[in-house]
Amino acid sequence: MVSQLSDPDDVLLSRIANGDQHAFAIFFDRWSGKVLALIRQILIDHSQSEEVLQEVFLEVWQKAPAFQNTRGHARSWLVTIARRRAIDRVRSSQSARERDTAYVTTTVDYDQTLETVDQRMESQAVRRMLADVGEPHSSTIKLAFFTGLTHREIADKQNVPLGTVKTRIRDGLAKMKRFMEEER
């Protein structure tokens, strides 16, 4: 049968189909550079292109017995395998990126929801503690931490000495700390 084949690549592929490792080495040397260039045009990434090249020639070795020279030449068969493998890799990479993006989006939504719940619970606890601290500590702490006023501005607003503002904040925060320790 080998003598009926006119194309040297078809002959090599026929010998590969019979397990001829030397014929495979010749075929690989002859085509690996061109096939790698084709794969790189599709994939761009060099390391992925080399992986796909290995997959292509593994498939050639494994499926050489299925090659039929009546349906086309070895070159066409090889190029078809290479293009299909490269395109499959692109699709696989794209699907993986989409899955990763979907996962990250889902995770971010969950984390944001959890964070919002945490913030609401904390703000409720802070409001409760501020109410428990009582006046005048509560209003002084609110002005200091929620309005951004300086201690001097709070003193002017409340018509009290600066030292009184600082004492109210210090004592109010100490009470809040005790409330937090009691809740644990």
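Provided above is the structure to which this section pertains.
Residues numbered from 1 in each chain as written. Predicted model: local features only at pLDDT ≥ 70, side-chain atom pairs only at ≥ 80, totals over all residues. Heavy atoms only, no water.

Explain the pattern of salt bridges to me, and be specific about the residues and the numbers.
Once the charged atoms of two side chains with opposite charge are near each other, the side chains can pair. By the definition in use, this model includes 11 salt bridges. Note that D9 is salt-bridged to R30, the shortest N-O span being 3.1 Å. On the criterion of sequence distance, the pair formed by D9 in helix 1 (residues 8-17) and R30 in helix 2 (residues 21-43) is long-range, its members being 21 residues apart. By relative accessible area, D9 is classed as buried at 2%. With relative accessibility at 39%, the residue R30 sits in the partly exposed group. (Salt bridge = Lys/Arg side-chain N within 4 Å of Asp/Glu carboxyl O. Helix = DSSP H or I, 4+ residues; strand = E, 2+ residues; numbered from the N terminus. Buried < 20%, exposed > 50% of the residue type's maximum accessible area, 1.4 Å probe, protein only.)

Give a detailed account of unusual backbone geometry, specifying residues and quantitative values.
Here the bond from E135 into P136 is cis, since omega is 0°, no more than 30 degrees from zero. With respect to the element layout, P136 can be found in the loop between helix 4 (74-133) and helix 5 (137-146). Backbone geometry places I44, a non-glycine residue, at a positive phi of 70°. In this structure, I44 sits in the loop between helix 2 and helix 3 (46-63). For N159, which is not a glycine, the phi torsion comes out positive at approximately 55°. With respect to the helices, strands and loops of the structure, N159 is situated in the loop between helix 6 (151-158) and helix 7 (162-183). Judged by its relative accessible area of 68%, N159 falls in the exposed class.

Any chance you could break down a nonpolar patch on the surface for me, citing the residues and the numbers?
There is a patch of nonpolar side chains on the surface, built from F145, F146 and L173 and spanning about 330 Å² of accessible area. What makes L173 partly exposed here is its relative accessible area of 34%. (Patch = residues over 30% accessible without salt bridge, like charges linked within 9 Å, V, L, I, M, F, W, Y side chains within 5 Å. Areas by Shrake-Rupley, 256 points an atom, 1.4 Å probe, with all protein chains shown as cover.)

Requested: an account of the environment of R75, with residues and values cited.
With respect to the helices and strands, R75 occurs in helix 4. Expressed as a C-alpha distance, the spacing of R75 and V35, which sit 40 residues apart in the sequence, is 9.9 Å. If we skip the residues at most four places from it in the chain, R75 touches D7, D9 and W31. Among the polar contacts listed, one links the side chain of R75 to the side chain of D9, at a separation of 3.5 Å. (Contact = heavy atoms within 4.5 Å. Polar contact = N/O pair within 3.5 Å; in protein donor to acceptor, adjacent residues only side chain to side chain.)

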